[in-house]
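Here are the chains, one letter per residue:
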4 protein chains.
Amino acid sequence: MFTLGNFISLSTFGESHGAAYGGIVTNFPAGLSVDFEGIQHQLDRRKPGQSAIVTQRKESDTVKFLSGIFEGKTTGTPIGFIIENENQKSKDYGHLEHAYRPSHADFTYDQKFGIRDHRGGGKSSARETVNWVVAGALAKQILPADIAINAYVSSVGEIFCEKPYQDLDFSKTDSNEIRCPDEEAAAKMISKIKAIKKQGNTIGGTVTCAIKNLPTGIGEPVFGKLQAELAKAMMNINAAKGFEYGSGFCGAKMTGQEHNDLFNDDFTTKTNLSGGIQGGISNGMDVYFRVAFKPIATILRPQESVDKNGNRVTLEGKGRHDPCVLPRVIPVVESLVAFVLADLFLINQIRKL
Amino acid sequence: MFTLGNFISLSTFGESHGAAYGGIVTNFPAGLSVDFEGIQHQLDRRKPGQSAIVTQRKESDTVKFLSGIFEGKTTGTPIGFIIENENQKSKDYGHLEHAYRPSHADFTYDQKFGIRDHRGGGKSSARETVNWVVAGALAKQILPADIAINAYVSSVGEIFCEKPYQDLDFSKTDSNEIRCPDEEAAAKMISKIKAIKKQGNTIGGTVTCAIKNLPTGIGEPVFGKLQAELAKAMMNINAAKGFEYGSGFCGAKMTGQEHNDLFNDDFTTKTNLSGGIQGGISNGMDVYFRVAFKPIATILRPQESVDKNGNRVTLEGKGRHDPCVLPRVIPVVESLVAFVLADLFLINQIRKL
Amino acid sequence: MFTLGNFISLSTFGESHGAAYGGIVTNFPAGLSVDFEGIQHQLDRRKPGQSAIVTQRKESDTVKFLSGIFEGKTTGTPIGFIIENENQKSKDYGHLEHAYRPSHADFTYDQKFGIRDHRGGGKSSARETVNWVVAGALAKQILPADIAINAYVSSVGEIFCEKPYQDLDFSKTDSNEIRCPDEEAAAKMISKIKAIKKQGNTIGGTVTCAIKNLPTGIGEPVFGKLQAELAKAMMNINAAKGFEYGSGFCGAKMTGQEHNDLFNDDFTTKTNLSGGIQGGISNGMDVYFRVAFKPIATILRPQESVDKNGNRVTLEGKGRHDPCVLPRVIPVVESLVAFVLADLFLINQIRKL
Amino acid sequence: MFTLGNFISLSTFGESHGAAYGGIVTNFPAGLSVDFEGIQHQLDRRKPGQSAIVTQRKESDTVKFLSGIFEGKTTGTPIGFIIENENQKSKDYGHLEHAYRPSHADFTYDQKFGIRDHRGGGKSSARETVNWVVAGALAKQILPADIAINAYVSSVGEIFCEKPYQDLDFSKTDSNEIRCPDEEAAAKMISKIKAIKKQGNTIGGTVTCAIKNLPTGIGEPVFGKLQAELAKAMMNINAAKGFEYGSGFCGAKMTGQEHNDLFNDDFTTKTNLSGGIQGGISNGMDVYFRVAFKPIATILRPQESVDKNGNRVTLEGKGRHDPCVLPRVIPVVESLVAFVLADLFLINQIRKL
């Protein structure tokens, strides 16, 4: 309950200014050579301080595996890992002990639990996603090597990458700070974020993700549909506001005649408005989806707010914050997708005799 | 695994042309007087044959409770129920035994399972949602009586209900065939569907749902965020293509300054772009979201397709089909929301000492 | 939660004098030809009225499958089934509406739920096991055909089957009313039960179960040990008071030197005090265990008791009751074992790459 | 799946000679003041090197909490903890890399996973129980303070503590090395173990546990019976071979007339052969049970065995081993009981409206 995955399962812990983050992956198959460098590479893509358009908090984000791996291979037993917090500046948060920051989870945590670790947002910090990257990068190795999961920033504010994902060269995603493989759009997005940052403001955007070479049969018929499992994972990411796959919200404007994907003789389809999924199960075509992220709530400008006693206070973001969540969310999206797919892929192995 | 709910849990069974649908709700609290009429009323809202713009399949959709209720009250033991299928016309589907209908799950089920009940789509039929309505209507009774869950059709094709949900009178939702409380928009939507139906075509649309008076504290911090649980439930509905809550995809275009919901002195917020949820937990404001539904794939026009051996076939929808899923999906959305909320509401009772 | 199985999962419903029992098996693999006769045969072994030493309640105990099976084969989708109650004589229980029968669950259900269906013990009736037999008989088909699961009555009161299981011919288990393959012991057991029955009394006993040809590798290292999964299943059977496997309680009197099972060159072991399990995982030797069952609480003699208001009452069992649970519990034990093994067997398929 | 608990849930990791053990407890209620000393006290009761009759491995077994606790109180978010391994002497195990020790899990792990960490038994080491003690000591704080959980050694080999648990003074349990509150029996047990140890041999025994002041209503009707949850937890302990509660295996020899627990006017019962549970639910009387433990497999004497290639080898236990598991298993039993009860206790809060 409240873990990630149905068969392979991820439990996590950690708060922004606690001692460490970490997690346990259970039921992970034995015999897989762990690509430690690959995992660290994904962590490096997510870590703060990479560029001028993300937070300057300094964290090496080095993962330490504590169990479940022997001489470089998974043993089938639970894989425990931790990522120590190094650069907590809790004093940046002393003024927030009793204040409720607008559009943060301070108020709701207090309401729900009657207590909260206010430092850096505590459990509600997006630093939790560091755990997901470790688990997802591990899980990716379960999948057939030709499955490609590529996420990229498809819009920042009103600036869109107009090219469809099919026309993009994903090898270029990491070649710029915003992680949009369309260099022209990327340049505009970066300028926009820099301008926003200068104002002490933040901005939202969208991420598109395409999964290629996924075999047929992934996903379950009821309450385990592939799109539902993906949506659940994505909507658990901090700041996510929306999810759509295939034709998405545009599909709601169409007629059946327009929307139906007719078959070719080899069971591929002429179009792919379905987004690679029929009845919750992958059909072998590309699975693609888009996730909306709101702007980060911490702005470096004064805002009126209240404290827990209902007194009015003026808050102004201190500390080191991202003006835009998007470039760092790319490995998070890809990792969650890998975990969801690996889980359903393993399950699919035992769904027919 | 692959059931609905975390604590109270719904398992379901049934195929379109099998003997019956049904389900079991486990861990349902004891002592609740079951509102049998209310449950049947929700089933009646979902059932086929209600109006000219839905399928003419005749099903009384009468639920029969088999356990867990004694002298009208829940006993805390598993609640079993069935809804018998009455009006199967399986011969309508004989021609589909080996054919793969475009944008249906025929191909994916065959790929996954190597076998399928082809009659009426078998397990992939949206008739499964009859189970969810029963369970959701039951679960709704767990919630405090003042929590109001109202879904309505907010668009059909390009026709939108332009009024925000706050300006609508939900007592009018059921007053027209399409279930849009804005009568002017409703009239246009109904005309549109009738025109589309005449062409043998189908059309998509969106549903908006607003939840009022939800207490604070509902939802869990990680992997159980309220928006993620709602998204998962919605994206499991047949034909759903997208989910957004609060500012949704529009929020991705905004800046932090625009998007932040400032507090009033009583901890309500001046705006509600957050959609009533912070950090995955309800904040006492309205929770609202929107779901996109693609047009139904079965059209009453000839379509080129293939059979399981890769031979080309021409298909033309027979049987009794909906030109638009939307009016019948309203009670499904509301029921799933009720189930998700009741589950998280109960769990929240034991999250602090 | 509170279902049977980890991957394949059984939810059940039903009360002794309700309309029906039934269940849903989810995640059952597709493509298996259902042995309907075999399933009904197991139900017939469990059903009342088979012989003079069991209850005379008349139930045909016919299972009706409602989904998940198409043209005789499983489709991979949830398998729903019901067994209708036919011979409820609820008036036999009118005098028990407020009384608490000694060593029954009347008092505890009232304490827990504040309400209960008192007729025939309601949910606490062992008639629930009819569901388990259906699910277990189905699940058995997942297992390799050479796996043999044989349970038998190994003691009634002080009368023991002295032969070890290895010396018994299991084809004789069903050849007598008590289901003990040692005919001499069986005769004594039957006499004992008849004498006890004549006194209006009941008697306890033990069941031994041996599993042959189980492959190595079944069971999980932590919190899913094979012996723990078996123990849990057995201890959920009504009237079970104890579980031991391999050397069991006798093993607690031994030294390591005596108890260790030394290896043969082919990895079989010279002795099998371990009971076929090491570290929670099957080692290819026979798995065997013993379950203790207390005497049935309903005796046909007057007993002093109290009602829910604390008034003293005199109760005397009416209705049709078993003098000894054992012969009917044999298929229940075997079915639960089959379900537990099938679940862990499937899981083991995806535990190494 | 394969975690401990239904609502509050424990995931664990760690191997005998890995870097650390640890775990995550999810869904733990907020607002509880953590008794760090009490937790460490339970760890100290379990740790090696306490006395002459246990292993001399030196481990401080200090738990470090990494999250979920703020200023000494639980926050409702996942509680992560680790216990670092300090005194691994892996070279003691070099000779075991390919050998299969009799009655150990070496062979079964290799069969299941195709790989294993052979050092100190890897994952199959009972050192895993260190995690359970932390989680159980935490969980105990959820329970009403007057619930007393007392386990003690009730037999070593053929030496039994003849007094029933009701006649024992549990404040004396820890006053001797074997943890049997009957001092006379304790002295005999200790002598026996010393003699056995001198021979390089090991010996089994039993643990009895009594739970006093448990409220009524704990446990679930089907597949969550209190005795089944306890049995499952106990049978997951390394070396456990049997479980019985209340009358246990003796109850199988009795008649209903003898076995039934008649009610007093206050709903207590005159006898308690039921062991405090009816229909899977606590009835307010003492819950008591007994667990059988086999002798530890590692003996300090030469034993014939095989290696993974089927070659014969002679093994002789090196390293630091327990001659008897019993004194150190007492806090493990108590901790698991506390966890199981806390979990079912919380769940019971939401089982009736």
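Thresholds, definitions, all that
Residues numbered from 1 in each chain as written. Chains lettered and ligands numbered in written order. Predicted model: local features only at pLDDT ≥ 70, side-chain atom pairs only at ≥ 80, totals over all residues. Heavy atoms only, no water. Buried < 20%, exposed > 50% of the residue type's maximum accessible area, 1.4 Å probe, protein only. Helix = DSSP H or I, 4+ residues; strand = E, 2+ residues; numbered from the N terminus. Pairing = 2+ DSSP bridges. Contact = heavy atoms within 4.5 Å. Axes fitted to C-alpha atoms, helices over the stretch in contact; angles between N-to-C directions. Buried area = accessible area lost by both parts, 1.4 Å probe. Salt bridge = Lys/Arg side-chain N within 4 Å of Asp/Glu carboxyl O. Polar contact = N/O pair within 3.5 Å; in protein donor to acceptor, adjacent residues only side chain to side chain. Nonpolar A, V, L, I, M, F, W, Y, C, P; charged D, E, K, R; others polar.

> So what exactly am I meant to see when it comes to the pairing of strand β1 (residues 9–13) of chain C here?
Where a strand is regular, its side chains alternate between the two sheet faces. Residue and element names in this part refer to chain C. Within β1, five of the five residues are buried, leaving the element largely enclosed by the surrounding structure. Side-chain alternation along β1 places Ser 9, Ser 11 and Phe 13 on one buried face and Leu 10 and Thr 12 on a second face that is also buried. Between the antiparallel neighbours β1 and strand β2 (residues 20–26) lie six residues, among them Gly 14 with a positive phi of about 130°.

> Would you take a moment to explain the sheet that holds strand β9 (residues 159–160) of chain B for this structure?
On the basis of which strands lie adjacent, the open sheet formed by ten strands has the order β9(A)-β8(A)-β10(A)-β14(A)-β11(A)-β11(B)-β14(B)-β10(B)-β8(B)-β9(B) and antiparallel pairing. Since the sheet does not close on itself, it has two edges, and those belong to β9 (159–160) of chain A together with β9 of chain B, each with one partner. Helix α5 (residues 226–235) of chain B rests against β11 (240–245) of chain A together with β11 (240–245) and β14 (287–293) of chain B of the sheet, and its axis sits at about 160° to β11(B).

> Looking at this structure, how should I read the interface of chain D and chain C?
Each partner contributes residues to the interface: chain D has 107 residues there, and chain C has 107 residues. Summed over both partners, the interface of chain D with chain C comes to about 8700 Å²; 62% of that surface belongs to carbon and sulfur atoms. Among the residues chain D hides against chain C, the three largest losses belong to Phe2(D), Lys112(D) and Phe223(D). Together they make up 11% of the total. Across the pair Glu220(C) and Lys112(D) runs a salt bridge, and its minimum N-O distance is 3.0 Å. Between chain D and chain C we count 45 residue pairs in polar contact (both at pLDDT 80 or more) in total. A breakdown of the residues in the side of chain D that touches chain C according to their chemical character gives 41 nonpolar, 43 polar and 23 charged. Pairing analysis gives three bridges linking strand β11 (residues 240–245) of chain C to strand β11 (residues 240–245) of chain D, with the strands arranged antiparallel. Within β11(D), the position partnered with Gly242(C) by the bridge is Glu244(D).

> What am I meant to see in unusual backbone geometry here?
Trans peptide bonds make up the majority, and among non-glycine residues the majority have a negative phi. Positioned with a positive phi, Phe267(B) is a non-glycine residue whose angle comes to about 75°. Relative to the elements of secondary structure, Phe267(B) occurs in the loop between α7 (256–259) and β12 (277–278).

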